[in-house]
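Analysis of the macromolecular model
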Amino acid sequence: MIITKKDVTGQYNLPLEVKFCRRCTMSNQRPRIHFDEQGICSACRFSDVKRSKIDWSERERELRDLCDRNRKNNGEYDVIVPCSGGKDGSFVAHQLKFEFGMNPLTVTWAPLQATEIGRRNLDAFIQSGFDNILGTPNGAVTRKLARLATQHMGDPFQPFIYGQTNFPLHMAVKHNVQLVMYGENGEVEYGGDMKNAFRPTRDLEDHDKHYFSGLPVEFWTEHGVSLADLKPFSAPNPEQVRSNKTEIHFLGYYKSWDPQENYYYCREHTGFTPNTERSEGTYSKYASLDDRIDGFHYYLGFIKFGIGRTTSDASHEIRDGKIEREEGIALVRRYDGEFPERYYKEFLEYCDITDEQFREILDSWRPDHLWRKTSNGWELKHAVWHEIDALGT
Ligand SMILES: [Zn+2]
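Reference entry: report on the structure contained in this document. On a predicted model such as this, the values are computed, not experimentally measured, just so you know.

1. Topic: the packing of aromatic side chains
- Going through the model one piece at a time under the given rule, you end up with 24 aromatic pairs.
- With centroids separated by 3.9 Å and ring planes inclined at 5°, the aromatic side chains of Phe-296 and Phe-347 adopt a geometry described as stacked. A residue pair is termed long-range when its members are at least 10 positions apart, and Phe-296 in helix H14 (residues 294-305) and Phe-347 in helix H17 (residues 344-351) qualify at 51 residues.
- Judged by its relative accessible area of 1%, Phe-296 is buried.
- Given a relative accessible area of 0%, Phe-347 falls into the buried group.
- Here the aromatic rings of Tyr-299 and Phe-302 are separated by 5.9 Å at their centres, their planes lie at 45°, and the arrangement is tilted. Of this pair, Tyr-299 and Phe-302 both sit in helix H14, three residues apart, which is roughly one turn of the helix.
- Here Tyr-299 falls in the buried class, since its relative accessible area comes to 11%.

2. Some points on the nonpolar core
- Grouped together as the largest cluster of nonpolar side chains are 79 residues, with contacts concentrated most on Cys-41, Ile-80, Trp-220, Phe-347 and Phe-358.
- Residue contributions to this core peak at seven residues, all from helix H7 (residues 158-174).
- Those residues within four positions of Phe-358 in sequence are excluded, and the remaining contacts are Thr-150, Phe-296, Leu-300, Phe-339, Tyr-344, Phe-347, Leu-348 and Ile-353.
- Within the second largest apolar cluster, 30 residues are counted, among which are Leu-63, Leu-96, Phe-130 and Leu-289.

3. Considerations on the coordination of the zinc ion
- Within the protein, the atoms that donate to the zinc ion are Cys-21 (SG), Cys-24 (SG), Cys-41 (SG) and Cys-44 (SG), at distances of 2.3 Å.
- In this structure, the zinc ion is coordinated by four donor atoms arranged in tetrahedral fashion, with angles at the metal of 105 to 115°.
- Within one chain, the residues serving as donors to the zinc ion are arranged as C-x2-C-x16-C-x2-C. Of the two residues, Cys-24 is situated in the loop between helix H1 (8-12) and helix H2 (42-52) and Cys-44 in helix H2; the sequence distance between them amounts to 20 residues.
- In this structure Cys-24 comes out as buried when scored by relative accessible area, which is 0%.

How each quantity is defined
Residues numbered from 1 in each chain as written. Predicted model: local features only at pLDDT ≥ 70, side-chain atom pairs only at ≥ 80, totals over all residues. Heavy atoms only, no water. Phe/Tyr/Trp six-rings, centres within 6.5 Å; stacked < 30°, edge-to-face > 60°. Helix = DSSP H or I, 4+ residues; strand = E, 2+ residues; numbered from the N terminus. Buried < 20%, exposed > 50% of the residue type's maximum accessible area, 1.4 Å probe, protein only. Core = buried A, V, L, I, M, F, W, Y, C linked by side-chain atoms within 4.5 Å. Contact = heavy atoms within 4.5 Å. Donors = N, O, S within 2.8 Å, 3.2 Å for Na, K, Ca; no water. Tetrahedral: all angles 85-135°; square planar, octahedral: opposite > 155°, others 65-115°.

This is how it looks when you write it as structure tokens:
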């Protein structure tokens, strides 16, 4: 395995001067995020808009119209809801079925390495009243892709992201369903491309850019994965999607999105249970519980952008008014760069790489403007808690 230094800054167009939002804990290193003259990030600005400028009862009427246009009443499915059994997809499916009278088909793309709690939540969700199709790709191919993606994209989770993005579209075409309903638009809610802030849909053309870091599934043929092996991860033919009139919508456009409230809702309605211990790299117990590999996805994000899982969790909880910024900063300091030890050995075996190779891969993804090497190992040149230290508090 030849590991070369990556141009993270160029690839993701990262600003060389690191700034932190004055209201949350997010930095300007999140790809596609925008900071205004007051030093406030686009996600915080959008949360102001959610609170004060959007007429949510009008949006609810739009949702009723959308459902009325798509409802079938002939026994066929009328909406596809991508759902792992976690709090967000389960909330969407439950709302559409029981508040809006839709007949959803829920679809799940299998985790790389499922956790017990994730599987239990999916089962409980199905038991609470839903049809579900689980898509499970060839395990050997998935492992190979996870290894290649770790090395070439700095993200072992990429094969999952391909499947999770494309499988619902396949199911829509196959079952003649025109509506696919996701939860939140991450680009808008958490900082990114704001072009969809005021419209409910997402363009298929943005998938490569927003979800696949510019590398579509077919790229991996260059690394010896056959088209046949890549098929389950690939998007359906765009012509099929168009002639099926498939549209991707976000519930977060129609209803004010609040992950913590979704958690309370699903605990009550879909049998959702949180983890007994917090996830590594953050303080939360109820988000992204399904996969033993995903800690490495978040950890590599921390290496590439200096943004770990706590930075993201704390930022949206600050925006949602659940915690104060100071508390968020303290949590970032405590948990953000925590290495995912719990499944490390399993991860190495899964990807068929050694500890030494993985450490080399990590270092190949560290941008020079974010990291310095000291006698104690690597440290971030800029961290949100430095401003607290500078104030002497
Ligand atoms: Zn912010």
